[in-house]
Each structure stands twice: as structure tokens, then as C-alpha cells.
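# Fold and contact review
Residue-level listing of the chains:
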Amino acid sequence: PETNTAVEVDGPFHFVRGERVQLGNSVMKHRHLRQLGYALVSVPYWEWSDLLTTEERVRYLSSRVGGSVDDLPAPTALLELRQQ
């Protein structure tokens, strides 16, 4: 079955300073997305920043959404989306 997937890279301002605990507004937003039927993939900034190349990021996202790399847009399309 087809599902809507939301991917959010949660930056440092989504967490309690100096900890890896999400702030209430981020928790609520994630809850709302799930209630609306989205499969949510939350990517913490410390994991994202460890990925140095576009290929690493594509593989990471693919593993998180449960698909294959072939199911994701080409790396150049991801870069174009990022720049918008």
C-alpha cells in the first residue's frame, strides 16, 4: 500500500541544549504528522552531519525509509531540493 512519508532533519534547536532529548514542540509536531497518517522519519542532526557525501546521505535515507536507493531521487535531485 502507498503511504505518505515525511522526513525531517531535526537540527540542534529541536533538542534540549547539550542533550539528545527533543523539545515539546518537536514531539507534538511529530505526533500530529503521525496522526495525519504520515510515516515519519526523524533524522537527528548529529547523525546527518556525520554523513559527508551525498551518496552516504542517500544510503542513510534509504535505510531509514525502508526502501532501496533506487526508490529515492537521484543525488542531484536531492541537492536541488535542498537548495530550494
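Refer to the preceding data block for the structure.
This write-up is about the structure you can find in this document.

### Some details on the packing of aromatic side chains
Taken as a whole and assessed by the stated rule, the structure comprises four aromatic pairs. On the numbers, 5.2 Å between centres and 80 degrees between planes, the contact of Tyr-45 with Trp-46 is edge-to-face. Counting every residue linked through ring pairs, the aromatic cluster contains Phe-15, Tyr-45 and Trp-46.

### A few points about the pairing of strand 2 (residues 38–44)
With five of its seven residues buried, strand 2 lies for the most part within the structure. Where strand 1 (residues 4–10) and strand 2 come together, seven bridges link them in parallel fashion. Counterpart to Asp-10 in the pairing with strand 2 is Pro-44. In this region the chain leaves strand 1, passes through helix 1 (residues 24–35) and returns to the parallel neighbour strand 2; the handedness of that crossover is right-handed.

### Let's talk about the pattern of salt bridges
Counted by the stated rule, this structure contains two salt bridges. The partner of Glu-8 in a salt bridge is Lys-29, and the shortest N-O contact between them spans 2.6 Å. Of this pair, Glu-8 sits in strand 1 while Lys-29 sits in helix 1, placing them 21 residues apart in sequence. For Glu-47, the salt bridge identified is with Arg-64, shortest N-O distance 3.7 Å. Of this pair, Glu-47 sits in helix 2 (residues 45–49) while Arg-64 sits in helix 3 (residues 54–65); the two residues are 17 residues apart in sequence, bridging distant segments of the chain. Look at Arg-64 and you get partly exposed, because its relative accessible area is 35%.

### Here's the deal with the environment of Glu-8
With relative accessibility at 14%, the residue Glu-8 sits in the buried group. When the C-alpha positions of Glu-8 and Ser-42 are compared, they lie 5.1 Å apart, and in sequence the two are 34 residues distant. Sequence-distant contacts of Glu-8, defined by excluding residues within four places in its chain, comprise His-14, Lys-29, His-30, Val-41, Ser-42 and Val-43. Of the polar contacts made by the side chain of Glu-8, one reaches the side chain of Lys-29; its length is 2.6 Å. Within the structure, Glu-8 has its side chain in polar contact with the side chain of His-30 (distance 2.9 Å).

### Things to note about the nonpolar core
Counting residues in hydrophobic clusters, the biggest one holds six residues: Val-41, Val-43, Trp-48, Leu-51, Tyr-60 and Leu-61. At the level of secondary structure, the elements contributing two or more residues to this core comprise strand 2 and helix 3. Residues contacting Trp-48, with those up to four places away along its chain left out, are Val-9, Val-43, Arg-57, Tyr-60 and Leu-61.

Reading the values: the criteria
Residues numbered from 1 in each chain as written. Predicted model: local features only at pLDDT ≥ 70, side-chain atom pairs only at ≥ 80, totals over all residues. Heavy atoms only, no water. Phe/Tyr/Trp six-rings, centres within 6.5 Å; stacked < 30°, edge-to-face > 60°. Buried < 20%, exposed > 50% of the residue type's maximum accessible area, 1.4 Å probe, protein only. Helix = DSSP H or I, 4+ residues; strand = E, 2+ residues; numbered from the N terminus. Pairing = 2+ DSSP bridges. Right-handed = clockwise from strand over helix to strand, strands pointing away. Salt bridge = Lys/Arg side-chain N within 4 Å of Asp/Glu carboxyl O. Contact = heavy atoms within 4.5 Å. Polar contact = N/O pair within 3.5 Å; in protein donor to acceptor, adjacent residues only side chain to side chain. Core = buried A, V, L, I, M, F, W, Y, C linked by side-chain atoms within 4.5 Å.

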